[in-house]
Amino acid sequence: MTSVNSQIIPLRDWKIFKGRPLLISGPCSAETEDQVMNTARQLVASKRVDVFRAGIWKPRTRPNSFEGIGTEGLKWLRQVKQEFGLPVSTEVATEKHVFEALKYGIDILWIGARTTVNPFAMQALADALEGVDVTVFIKNPINPELDLWLGAIERIQKAGITKLGAIHRGFSSFEKSAYRNQPKWQIPIELRQRLPDIPLICDPSHMGGSRAFLLDLAQKSMDLNYDGLMIETHCDPEKALSDKRQQITPAELTELLDKIVLRNPDSDDNSFLNSIEELRSQIDMYDDQLFEILESRMKVAETIGKYKKEHNITILQTQRWKEVVNKTVAKCAGSGLTEEFISTVLKAIHQESINRQMKVMNE
Ligand code: PEP
Ligand code: MN
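Model, not experiment: these values are computed from the prediction.

Undergrad: How would you sum up the packing of aromatic side chains? Please name residues and give values.
TA: Evaluated as defined, the whole model comprises two aromatic pairs. Aromatic side chains Trp185 and Tyr226 sit 5.9 Å apart centroid to centroid with 75 degrees between the ring planes, which places their arrangement in the edge-to-face category. In this pair, Trp185 is assigned in the loop between strand 6 (164–168) and helix 8 (186–194) and Tyr226 in the loop between helix 10 (214–223) and strand 8 (228–232), connecting sequence segments 41 residues apart. Residue Tyr226 is classed as buried on the basis of its relative accessible area, which comes to 0%.

As structure tokens, then:
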């Protein structure tokens, strides 16, 4: 069993050996024996899934929602493993969860975003895992701090766990976004630069929070050369007791996977193309961020426009503009950006600001 066991194929090389990403799938939560077995049976029949997932203990934002079936569900996971030969995984958040999961032969334990964020909880888990031979995946912490994620991984490494993976599921934010959790792709990219041997898996289900975003997010992670995907599936998503908007049926998973374009990493030419694609995806990511920031800046300019209108002040104030240019040039000194470039960019931004303020003035 455990074809995901890194002693057979190191997880980081999975894509190279298999020519496709590692795929983890299964329901958000184990609900009934029937739901677990039925979902697993369909996933096995699709021949696309490498690891079955199901939450047994669910960290829910508010109390009085379904908080997981508990230990009883571990029997169903064991049954999936025995009946279908599929490695199984679940989330652990306490020492008790670790001991229970190991008792039932769970192959992969993952640590959730609400746990990774807490160094005390991470250390308690690391202590419980000391000397144990099991695979552990660590989700990014809920807040966008790379160091917390790195720290959590280091604690588990120090406990002697060598079969490790990182799962990128996005970050909480007050900023409004269509996504449930903001991807902030630069953080996992930086993680991989710091820890190149740790496989990186994308969880577009918790990132998007909706079926509608799964394909785009999964494709983006493949373009960034991630090693695998974790996607939530349920035999009857509409009836799911948790995360029903983001779960899809096993048949829909197959359709989704068929649409993802994978770049083949096995020839020299292709590995060159892969690097170019990966770098281009990084450029796209920075462009997206640049324009999001520019739009936020324009919104502030509009608010200033309203204020100027109320107080009867002219739009263009030469002194203020000179200060903006000088300050920016001074700040960027030594950054590699030339003065000419800075001033060209600022002029274009300033012009757009003026246009937006004019509109406000004339409303
Ligand atoms: C989950 O995978 O079901 C889960 C609760 O994930 P996260 O920790 O990313 O919220
Ligand atoms: Mn979920």
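Undergrad: Residues and numbers for the coordination of the manganese ion (ligand 2), please.
TA: Of the protein atoms, only Cys28 (SG), His206 (NE2), Glu232 (OE) and Asp243 (OD) coordinate the manganese ion (ligand 2), at distances of 2.0 to 2.3 Å. Here the donor residues of the manganese ion (ligand 2) are spaced in sequence according to C-x177-H-x25-E-x10-D. Of the two residues, His206 is situated in helix 9 (residues 204–208) and Asp243 in the loop between strand 8 and helix 11 (250–259); the sequence distance between them amounts to 37 residues.

Undergrad: Just give me the short version of the packing of helix 2 (residues 33–46) against helix 11, but keep the residues and values in it.
TA: Closest axis-to-axis distance for the helix 2/helix 11 pair is 9 Å, and the angle between their directions is 30 degrees. One finds that helix 2 runs roughly parallel with respect to helix 11. Between helix 2 and helix 11 lies a crossing whose hand is right-handed. Across the interface between the two elements, Thr39, Gln42, Leu43 and Ser46 from helix 2 touch Pro250, Leu253 and Thr254 from helix 11. Here the contact of helix 2 with helix 11 is composed, by residue class, of three nonpolar, four polar and no charged.

Undergrad: Tell me about the site of ligand 1, and please be specific about residues and values.
TA: By nearness alone, every residue bordering ligand 1 is listed as Arg53, Lys58, Glu91, Trp110, Gly112, Ala113, Arg114, Lys139, Arg169, His206 and Glu232. Separating an oxygen atom of ligand 1 from a backbone N or O atom of Ala113 is a distance of 2.8 Å. Contact distances for ligand 1 include 2.8 Å between an oxygen atom and a side-chain N or O atom of Lys139. In the complex, the protein chains occlude 97% of the 300 Å² of accessible area that ligand 1 would expose alone. Broken down by class, the residue content of the shell around ligand 1 amounts to two nonpolar, two polar and seven charged.

Undergrad: Talk me through the pattern of salt bridges; I want residue IDs and the actual numbers.
TA: According to the stated counting rule, one finds 16 salt bridges in the structure shown. A salt bridge links Asp107 to Lys81; its shortest N-O distance comes to 3.1 Å. With a gap of 26 residues between them, Asp107 in the loop between helix 4 (95–103) and strand 4 (108–111) and Lys81 in helix 3 (residues 72–84) connect regions that are remote in the sequence. For Asp107, a relative accessible area of 10% corresponds to the buried category. When salt bridges that share partners are traced, they join Glu295, Lys299, Glu302, Glu352 and Arg356 into one network.

Undergrad: Break down the pairing of strand 8 for me, with residues and values.
TA: A regular strand places its side chains on the two faces of the sheet in alternate fashion. For strand 8, the buried fraction is high: five of the five residues fall into the buried class. On strand 8, burial covers both faces: Gly228, Met230 and Glu232 on one face and Leu229 and Ile231 on the other are all buried. Both strand 7 (residues 200–202) and strand 8 contribute to a ladder of two bridges, which runs parallel. From the neighbouring strand, Ile201 faces strand 8, where its bridge partner is Gly228.

Undergrad: Go over the sheet that holds strand 4 with me, naming the residues and quoting the values.
TA: Taken together, eight strands build a closed barrel; the order of strands is 1-2-3-4-5-6-7-8 and the barrel is parallel. Direction aside, neighbouring strands of the sheet carry axes that sit 25 degrees apart on average. Pairing between strand 1 (residues 22–26) and strand 2 (residues 51–53): two bridges, direction parallel. Along strand 2, the bridge assignment pairs Ser25 with Phe52. Contacting strand 1 and strand 2, helix 2 runs over the sheet at an angle of about 150 degrees to strand 2.

Conventions used here
- In this convention, every chain numbers its residues from 1, walking through the sequence in written order.
- Think of it this way: whatever chain is written first is A, whatever ligand is written first is 1, and the rest follow in order.
- At least 70 in pLDDT is required for a residue's local features to be given in this predicted model, at least 80 for side-chain atom pairs to be given and counted, and no such filter applies to totals for whole chains, interfaces and linings, which use all residues.
- Only hydrogens and water are set aside when side-chain values are computed; all heavy atoms of the structure are taken into account.
- Pairing of aromatic side chains requires ring centres within 6.5 Å, counting the rings of Phe and Tyr and the six-membered ring of Trp. Pairs whose planes differ by under 30 degrees are stacked, by over 60 edge-to-face, and all others tilted.
- In this text, helices come from DSSP runs of H or I with a minimum length of four residues, and strands from runs of E with a minimum of two, each type numbered from the N-terminal end.
- Summary of the burial criterion: residues with accessible area below 20% of their type's maximum are buried, those above 50% are exposed, and those between are partly exposed, where the area comes from a 1.4 Å probe applied to protein chains only.
- Atoms of type N, O and S within 2.8 Å of a metal are treated as its donors, and for Na, K and Ca the window is 3.2 Å; water is not considered, so some sites may appear to be missing partners.
- To get an axis, fit a line to the C-alpha atoms, keeping to the stretch in contact for a helix; angles then go from 0 to 180 degrees between the N-to-C directions.
- Throughout this description, any angle smaller than 35 degrees is read as roughly parallel, any larger than 145 degrees as roughly antiparallel, any in the 65 to 115 degree range as roughly perpendicular, and the remainder as oblique.
- Helix crossings get a hand from a simple test, with the near helix turned counterclockwise from the far one by less than a right angle marking a left-handed crossing and a clockwise turn marking a right-handed one.
- A contact between two residues is defined here by any heavy atoms of the two lying within 4.5 Å.
- Residue polarity is assigned by list, with Asp, Glu, Lys and Arg as charged and Ala, Val, Leu, Ile, Met, Phe, Trp, Tyr, Cys and Pro as nonpolar; anything else, Gly included, falls into the polar class.
- We call a residue near a molecule or strand when any one of its heavy atoms sits within 4 Å of it.
- Here a polar contact is recorded for every N or O atom pair within 3.5 Å, except that within protein the pair must consist of a potential hydrogen donor and a potential acceptor, and residues adjacent in sequence are included only if both atoms are side-chain atoms.
- Computed with a 1.4 Å probe, the accessible areas rest on the Shrake-Rupley method; for each residue, only the protein chains presented here act as cover.
- Between Lys or Arg on one side and Asp or Glu on the other, a salt bridge is scored when a side-chain nitrogen of the former is within 4 Å of a carboxyl oxygen of the latter.
- Only when DSSP finds a minimum of two bridges between them are two strands counted as paired.

Geometry only, nothing functional implied.
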